[in-house]
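# Architecture and fold: a report
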Amino acid sequence: MAVYTHVPAEDIDAFLTRYDAGRLVSAKGIAEGVENSNYLLETTGADGNGHRYILTLYEKRVDEADLPFFMDLLDHLGDRGCLVPRFIADREGRRLQQLSGRPACLIEFLTGISVTEPTAGQARAAGAALGQLHKAAEGFAGERRNALDLPGWHDLADKCGEHFNDIAPGLHQRVADELAFLDGHWPADLPRAVIHADLFPDNVLMLGEEVTGLIDFYFSCTDIRAYDLAVTHGAWCFSNDGATWFGDRGRAMIAGYEAAHGLSAAERAAFPILCRGAALRFLLTRAYDWINTPADAMVTRKDPLAYLRRLDFYAKATPADLLDI
């Protein structure tokens, strides 16, 4: 479950009186996600026709000080045609509230579903949507450091230490070797921009092969733009366990991105290294959570080895393997 803070229906109904949203009809906790508490709200709507909203309460992993960055970014993207869920202001113009002792926001509801086994056509649509997001983000003045960059990966690896080997024999040394490689080869001179940084299939809403929304921007930050494509590539183009690479999805995703935004020669040359970094990033965060989550916790731990298998694939890949479409 992703509802860490349980809010009584009466409190949600009282919360809604600050908005032109009507009265509460129903509130359902949303199980997806691991960062915040989310509720799907059904209301009568100010016009009596009924409306849906997302109520989000921010837990400890999201810094309240970062919320204005996310709000301004989504306004910027939405103004330029991106299908993103904006934060809704109350009658006094406030978008950030307090509810049940947590920072809370009312957010637009977008239609669509998250696919679990993407087709090549859906991967192409996701690549195009990411390219469109990058186009729309141009000119955004806000900046936010990526805490999960190369120095952050070193920090996570240090915290995991020898416990890596509890996950798989030799994993501690494998991570150390990969970090040493990336220290010497990370393409830090590539163009930087605001990126989503977490565009997994569960953060893309679709109807068929049409993208209807991009959600969950709480890892968005300023970093290498093409790294965002590498994160998305690893998330969409493998089986869940990382053992199978779906080349048709990979080629389609790159084609969609190229059509919407394009990659420079330098970005193409560095793409396998960016994919290695993206794979290591999720290996490390999953390993840290695996090591530090009690076995009896009511949380499903994600397998770090699924990203070790991706990392092994990318370590052998060439730009032509990944980008020739």
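Residues numbered from 1 in each chain as written. Predicted model: local features only at pLDDT ≥ 70, side-chain atom pairs only at ≥ 80, totals over all residues. Heavy atoms only, no water.

### A few points about the overall build of the protein chain
Which entries qualify depends on this criterion: Only DSSP runs of H or I with at least four residues qualify as helices, and only runs of E with at least two residues qualify as strands; both kinds are numbered from the N terminus onward. This radius of gyration counts C-alpha atoms alone. The globule rule is 2.2 Å times how many residues there are, raised to the power 0.38. For each residue, the accessible area found with a 1.4 Å probe, counting protein chains only, is set against the maximum for its type, and the residue is called buried under 20%, exposed over 50%, and partly exposed in between.
When helices and strands are counted, the protein chain shows 11 helices and nine strands. Relative to the 2.2 N^0.38 estimate, which gives 20 Å for 325 residues, the radius of gyration of the protein chain is 20 Å and therefore close to what a compact globule would have. Across its three principal axes, the protein chain shows a C-alpha extent of roughly 60 × 45 × 35 Å. Counting the 325 residues in the protein chain, one finds 53% classified as buried.

### Remarks on the nonpolar core
Note the threshold: Here, nonpolar core means buried Ala, Val, Leu, Ile, Met, Phe, Trp, Tyr and Cys residues that are tied together by side-chain atoms lying within 4.5 Å of each other. For this analysis, residues touch if any pair of their heavy atoms sits within 4.5 Å.
One finds L77, W153 and W236 to be the most contacted residues of the largest nonpolar core, which totals 87 residues. The element best represented in this core is helix α9 (residues 265-292), accounting for 12 residues. Setting aside residues up to four positions removed in sequence, W236 forms contacts with V115, P118, Q122, A123, A126, L199, F200, P201, V204, M206, R249 and M253. Core analysis: the next-biggest nonpolar cluster, separate from the first, contains 16 residues, Y39, L55, L57 and L99 among them.

### Considering the packing of helix α7 (residues 225-236) against α9
When two helices pack together, their arrangement is given by the angle between the helix axes and by the axis-to-axis distance. The test is simple: Axis definition: a line fit to C-alpha positions, over the contact stretch in the case of helices; interaxial angles, taken between N-to-C directions, run 0 to 180 degrees. Here roughly perpendicular refers to angles of 65 to 115 degrees, roughly parallel to angles under 35, roughly antiparallel to angles over 145, and oblique to all remaining angles. In this scheme, a crossing is called left-handed if the near helix is turned counterclockwise away from the far one by less than a right angle; it is called right-handed if the turn is clockwise. Each residue is assigned to one of three groups, with Ala, Val, Leu, Ile, Met, Phe, Trp, Tyr, Cys and Pro labelled nonpolar, Asp, Glu, Lys and Arg labelled charged, and all others, Gly among them, labelled polar.
Direction vectors running N to C along α7 and α9 enclose 60°, while the axes themselves pass 8 Å from each other. Taken together, the axes of α7 and α9 are oblique relative to one another. Helix-helix and strand crossings are classified by hand; for α7 and α9 the assignment is right-handed. Residues R225, A226, Y227, L229, A230, V231 and H233 of α7 form the contact with α9, whose own contacting residues are E267, F271, L274, C275, G277, A278, R281 and F282. In the contact of α7 with α9, the residues fall into 10 nonpolar, two polar and three charged.

Such coordinate-based values are descriptive only and should not be taken to indicate function.
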